[in-house]
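The residues making up each chain are set out below.
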Amino acid sequence: MKVIRAHKIRLNPTVEQAEFFRRCAGVARFVYNHGLAEWKRLYDEGEKPTALLLKTRFNGYKREAFPFVLEVPKDVAEGAFANLGQAFKNFFAGVKGERPKLGYPRFKSKKRSKSSFRLNNDKFRVDGHWLKVPRLATLVNMAEALRFAGRILSGVVSEQGGQWFISITVELEAALQRQRDVSTVAAVGIDLGVRRLATLSDGTHVENQNVLRAMLNKLKRLNRELARRQPGSNRWWQTKRKLQRLHARIRNQRLDFLHKMTTRIARTYRLIGVEDLHVAGMVRNRRLALSITDAAMSEIVRQLQYKAAWLGGTVQQVSRFFPSSKLCSSCGALNPHLTLQDRQWHCPACGANHERDFNAAVNIEREALRLASL
């Protein structure tokens, strides 16, 4: 069985290499916007445009009309058309109800959009800590070597917070990823929350790091400073880069903590029970929106799902309507009068004393075992 994995690696380009990356990203953005404008024009004229049709026509006149496109690898323009085709595919799938509805593709802006471009597998080469990029005379240093040994499918170079990264997609055998700890046990239930990030049914508690809230004052100050700058000026870009670096720092701190937590859980348990939370609805509560966003509950579930699959485990989602908190884990009685403020409660039927989050985690584990056995 073949599986596809991606490894994102930080690059350490020289000044000349970084300038080349920026030119490639600029060409990718231009080609995407040009293709989107052509798509709209052809549609208004009654034609049925496709990404392949637009790319074929673009290749016919790019040498005369846009000679600067020839200064970068041809993968850059091809990747832009592929991204445009995928954007419309996602849009139409949402219209048909096959996936969550997405908006109509929009033009990319240098000020707001992420700078990135694609490279095909036959156009770049990885050798240890070095990356060979087409049309670039010197090798680019990578912060670490590629972790996966397999057939390289593609690479995406992107800029985040003033630093450049490459995400390399590799095809490899699924059996190579199945490595478990000797301490593997059957199942665990996880109750995700805001006050406490995760409570496990084995009694483990994981406190919320509140990374975003800790940096909130710095974010507010930089946003006020950016608002006072003239958009597009040198000082505006200066502050913009400071803001990007701070957002990248917050994201990296959060992901580092979440990856360590989810990896430990996925390596220990074969069946992981979690609630199918409706996070998009939860963030509509303006009093809790910041804390819920900072907790990144959807990201926790996403990481658990793919890591458990790597290691031969399973993530069983329990319905969001399952009364995990209101159900007594000792006798099974339901306490309909329990409120969100009740962190400790006594069962009216058997008199057992419960800690709210731990009781919910135990009930989630039991429900996950029941659903997995069906």
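This text goes with the structure placed above it.
Since the model is a prediction, treat every value here as computed from it, not as a measurement.

Draft legend 1. Fine view of the packing of aromatic side chains. Taken as a whole, this structure holds 17 aromatic pairs when the rule is applied. Aromatic pair F58 and Y61: ring centres 5.8 Å apart, planes at 75°, arrangement edge-to-face. Linking F58 with Y61, this pair stays in helix α2 (residues 51–65), spanning three residues, or about one helical turn. Residues F58 and F66 carry aromatic rings whose centres are separated by 5.9 Å and whose planes lie at 15° to one another, so their mutual orientation is stacked. Look at F66 and you get buried, because its relative accessible area is 16%. When the ring centre of W236 is taken as reference, the NZ or CZ atom of K111 above it lies at 5.5 Å.

Draft legend 2. Expanded view of the environment of V126. If you trace the backbone, V126 turns up in strand β3 (residues 125–127). In sequence terms V126 and L139 are 13 residues apart; their C-alpha atoms lie 9.7 Å from each other. Leaving out residues up to four positions away in the same chain, V126 has contacts with L131, M142, L146, I152 and I168.

Draft legend 3. Broad picture of the pattern of salt bridges. Scanning all chains against the criterion turns up 16 salt bridges. The partner of K123 in a salt bridge is D122, with the nearest N and O atoms 3.1 Å apart. Accessibility expressed as a relative area gives 28% for K123, which makes it partly exposed. The exposure class assigned to D122 is exposed, which follows from its relative accessible area of 56%. Residues E207 and R196 are paired through a salt bridge, measuring 3.8 Å at the closest nitrogen-oxygen approach. Remark: R196 occurs in strand β9 (residues 196–200) and E207 occurs in strand β10 (residues 205–207); sequence separation between them is 11 residues.

Draft legend 4. Highlighting a positive patch on the surface. Judged by side-chain charge, K218, K220, R221, R224, R228, R241, K242, R245 and R249 come together as a positively charged surface patch. Per-element tally for the positive patch: the top contributor is helix α5 (residues 216–228), with five residues. Mapped onto the elements, R224 comes out in helix α5.

Draft legend 5. Looking closely at the side chain of R29. Considering the arrangement of structural elements, one finds R29 in helix α1 (residues 15–44). Buried charge without a partner: R29 forms no salt bridge, and the closest opposite charge is E159, 7.9 Å away. In this structure R29 touches K108, S109, K110 and S115, once residues within four positions along its chain are discounted.

The rules behind each value
- Residues numbered from 1 in each chain as written.
- Predicted model: local features only at pLDDT ≥ 70, side-chain atom pairs only at ≥ 80, totals over all residues.
- Heavy atoms only, no water.
- Phe/Tyr/Trp six-rings, centres within 6.5 Å; stacked < 30°, edge-to-face > 60°.
- Helix = DSSP H or I, 4+ residues; strand = E, 2+ residues; numbered from the N terminus.
- Buried < 20%, exposed > 50% of the residue type's maximum accessible area, 1.4 Å probe, protein only.
- Lys NZ or Arg CZ within 6 Å of the ring centre and 35° of its normal.
- Contact = heavy atoms within 4.5 Å.
- Salt bridge = Lys/Arg side-chain N within 4 Å of Asp/Glu carboxyl O.
- Patch = residues over 30% accessible without salt bridge, like charges linked within 9 Å, V, L, I, M, F, W, Y side chains within 5 Å.
- Areas by Shrake-Rupley, 256 points an atom, 1.4 Å probe, with all protein chains shown as cover.
- Lys, Arg positive; Asp, Glu negative; His and termini not counted.
- Charge placed at Lys NZ, Arg CZ, Asp CG, Glu CD.

Interpretation note: all reported values are geometric properties and have no functional meaning in isolation.
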